[in-house]
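Chain and residue survey
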Amino acid sequence: MYLVAPGGHPNYGDEFILRAWLNHLARVRPDAQVIVDCHTPGQAAVLLGGCHRHVTFVDTIWRICFGTAHLEPSEAVATAARVVGDPGQMPKLVSGIEMLAAAHTIHLIGGGYINIVWPHHLALLAAATAAAQRSGGRAVATGQGLMPVGVPEREALLRELFGHFAIFDVRDTPSAHAVAGTGGDESCTGDDAWLGIRDPEVYDTESGAAQRPFGFCLQSDLMDDFAGGRGTDGLTEAVSALIDQWGIRGEDVVVVEAIPGADRLVYDRIAHRLPGAIFVPFTELWRRGLPARSGQTWVSTRFHVHLLAAAAGASGLAPPGRIDYYPVKHQSLIDAGSHWHIVDSADLPSAPIRSGGFDPDTVDVLHQGKVALADRIYPPPSWRRRGLTALRSVTAR
């Protein structure tokens, strides 16, 4: 199995999804060799090396991607595919490309990284499908968020690439429309984080942070569009207004950091207003889990904190960042059953939201849908045994 992921940044959502897939493979394929190809393999190995006993971290496909980033999209896609067929064009990567091209399944796991926000990532699709064609295997993608797609020429290129995937699964309705009719096995099972929602390390339920009635996760990256273009300044003012309107005290608050540094900036600006607040850095969040529970109210710009807190039953607000990117993400969760509210600076409620998150039955359905997809890609041993028995029975007739 060859997993492609934006791992090691670190970014809590991306690392969570990668951990979910590694945990799943540890359950259904404990003896298999698993390769994780990510842009920061050293840090990813530190965070995730213990999830599967036969996992190796590399950065081959990402180096192909970065090595073609300066080219026009169509040329980058063509070059990435040629390099997989003729590794000598990138001689420093020959050994890694040979490993990639020997994989039976090349799997782009979920996230929102195949879109115009990071346009050069088209090369990941091209390299993955070229590797599958060379090995005689298959390329699959799960939980992908493709919005914003970009100009029509780029969309046409994307759709051509989608057609080479054996399975292409997305996480939201606009992305489903983007892949519709491309010829592969298309599905929309939601974000890949649902695969790991029942894993034991997801939630921190024991610490003092988990007892706080209000939670915040406030990013500074990709927030330029918020509050009519006022960005982090507007977000700081909006959160300050909520503190005043809701009568929030510091001893009632936990603040979590999903991306180190990027999720500290806004908190540092308002920390003087919240004496006694608990700040949970990424390292502790990763080690202990998200301190979310039913009965809390969260304010989170981060999509995966929304998903996980709402899945625990917490109420919340989702102030959106980049206008062509974040609203689609948060809306996909509301469409799936989250009772959170997407709000900009002009829509702040005068009292804390108490509408709850996801209903437990909905969480179960979303989890089981993702497990069913995972079982299609990596059939559990019992499925393989039944298939072999059926084949022998047919052969004996």
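Below is a summary of the structure that appears in this document. Here the residue numbering is sequential within each chain, running from 1 through the sequence in written order. In view of the model being predicted, local features appear only for residues whose pLDDT reaches at least 70, and side-chain atom pairs are presented and counted only at 80 or more, with totals across whole chains, interfaces and linings using the full set of residues. In computing side-chain properties, one takes all heavy atoms of the structure into account and sets aside hydrogens as well as water.

Take the nonpolar core next. Here, the term nonpolar core denotes a set of buried Ala, Val, Leu, Ile, Met, Phe, Trp, Tyr and Cys residues that are joined through side-chain atoms within 4.5 Å. Burial classification: accessible surface area is computed with a 1.4 Å probe over protein chains only, and a residue below 20% of its type maximum counts as buried, one above 50% as exposed, and the rest as partly exposed. Counting residues in each nonpolar core, the largest one holds 61 residues, and the members touching the most others are Leu3, Leu290 and Trp298. Each helix is a run of DSSP H or I of at least 4 residues and each strand a run of E of at least 2, with the numbering of both proceeding from the N terminus. The element best represented in this core is helix H1 (residues 12–28), accounting for nine residues. Formed by 45 residues, the second largest nonpolar core is a distinct cluster that contains Val83, Ile97, Tyr113 and Ile114.

This next bit is on the layout of surface pockets. Summary: where empty space remains is shown by rolling a probe the size of a single water molecule over the atoms. Within this model, the largest pocket holds a volume of roughly 490 Å³. Only protein atoms enter the 1 Å grid, on which a cavity is a set of points fitting a 1.4 Å probe that cannot get out and a pocket is an open set with protein on both sides within 12 Å along at least 5 of 7 lines, lining residues being those with an atom within 4 Å of a point. For the largest pocket, the lining is made up of 27 residues, of which Asn11, Asp14, Trp118, Ile259 and Tyr325 are closest to its centre. Counting residues per element, the ones that place at least two in the lining of the largest pocket are H1, helix H3 (60–67), helix H13 (303–311) and helix H14 (326–336). Classification convention: Asp, Glu, Lys, Arg as charged; Ala, Val, Leu, Ile, Met, Phe, Trp, Tyr, Cys, Pro as nonpolar; all other residues, Gly among them, as polar. In terms of residue class, the lining of the largest pocket is built from 13 nonpolar, nine polar and five charged. Grid points are joined across faces, edges and corners, and a volume is the space filled by probe spheres set on the points. By volume, the second largest pocket is sized at about 200 Å³. Around the second largest pocket, the lining is made up of 17 residues, and of these Arg171, Asp172, Thr173, Ser332 and Ala336 lie nearest the centre. Of all the elements in the fold, those that place two or more residues in the lining of the second largest pocket are helix H8 (173–179) and H14. A per-element tally of the lining of the second largest pocket places H14 first, with six residues.

Note on pairing: two strands pair once DSSP finds at least 2 bridges between them. Pairing is parallel in the open sheet, where seven strands are placed in the order E3-E2-E1-E4-E5-E6-E7. The outermost strands of the open sheet, each flanked by one partner alone, are strand E3 (55–58) and strand E7 (185–188). The mean inter-strand angle of the sheet, taken between neighbouring strand axes irrespective of direction, is 20°. Alignment of strand E4 (residues 105–108) against strand E5 (residues 138–144), held across four bridges, turns out to be parallel. Within the sheet, the bridge partner assigned to isoleucine 106 lies in E5 and is alanine 139. Sitting on the sheet, H1 is in contact with strand E1 (2–5), strand E2 (34–38), E3, E4 and E5, with an inclination near 165° to E1. The contact rule is simple, with two residues in contact once any of their heavy atoms fall within 4.5 Å. In this description, a line fitted to the C-alpha atoms serves as the axis of each element, helices being fitted only across the stretch in contact, and the angle between N-to-C directions of two axes falls anywhere from 0 to 180 degrees. Lying on the sheet, helix H15 (residues 360–377) is in contact with E4, E5, strand E6 (167–170) and E7; it crosses E5 at an angle near 170°.

All right, on to the sheet that holds strand E9 (residues 253–256) then. In spatial order, the strands read E10-E9-E8-E11-E12-E13; together these six strands make up an open sheet with parallel pairing. The open sheet has two free edges, formed respectively by strand E10 (278–280) and strand E13 (341–342), since each of these has just one partner strand. Pairing between strand E8 (residues 214–217) and strand E11 (residues 297–300): four bridges, direction parallel. Along E11, the bridge assignment pairs glycine 215 with tryptophan 298. The sheet contacts of H13 involve E8, E11 and strand E12 (315–318), and relative to E11 the element is tilted by about 165°.

Let's shift gears to empty space enclosed by the protein. Applying the stated criterion across every chain, the model contains one cavity of 30 Å³ or more. Roughly 30 Å³ of internal volume is contained in the largest cavity. Together, Gly145, Leu146, Met147, Arg171, Asp172, Tyr325, Val328 and Lys329 line the largest cavity. Considering only residue class, the lining of the largest cavity consists of four nonpolar, one polar and three charged.

Let us look at the packing of H3 against helix H6 (residues 122–135). Here H3 crosses H6 at 130°, and the two axes come no closer than 9 Å. Taken together, the axes of H3 and H6 are oblique relative to one another. In the packing of H3 onto H6, the handedness of the crossing is right-handed. Of the residues in H6, those touching H3 at Ile61, Trp62 and Cys65 are Ala123, Leu124, Ala127 and Ala128. Oblique is the label for any angle not under 35 degrees, not over 145, and not in the 65 to 115 range, which are roughly parallel, roughly antiparallel and roughly perpendicular in turn. By convention the crossing between two helices is left-handed if the near helix lies anticlockwise of the far one by an angle smaller than a right angle, and right-handed if it lies clockwise.

Between 30 and 60 degrees the pair is tilted, below 30 it is stacked and above 60 it is edge-to-face, where a pair is any two Phe, Tyr or Trp rings, Trp via its six-membered ring, whose centres lie within 6.5 Å. This structure, assessed with the given rule, holds 13 aromatic pairs. Where tyrosine 12 meets tryptophan 286, the ring centres are 6.2 Å apart and the plane angle is 85°; that geometry is what we call edge-to-face. Taken together, the positions of tyrosine 12 in helix H1 and tryptophan 286 in helix H12 (residues 282–288) put the pair 274 residues apart, joining distant regions of the chain. Tryptophan 286 shares its class with tyrosine 12; the two are buried. With 6.2 Å between their ring centres and 70° between their planes, tryptophan 21 and tyrosine 378 make a pair best called edge-to-face. With tryptophan 21 in helix H1 and tyrosine 378 in the loop between H15 and helix H16 (381–396), the pair connects residues that are 357 residues apart, well separated along the chain. Side by side, tryptophan 21 and tyrosine 378 carry an identical accessibility label, which is buried. What links up through ring pairs into an aromatic cluster is the set Tyr12, Phe16, Phe282 and Trp286.

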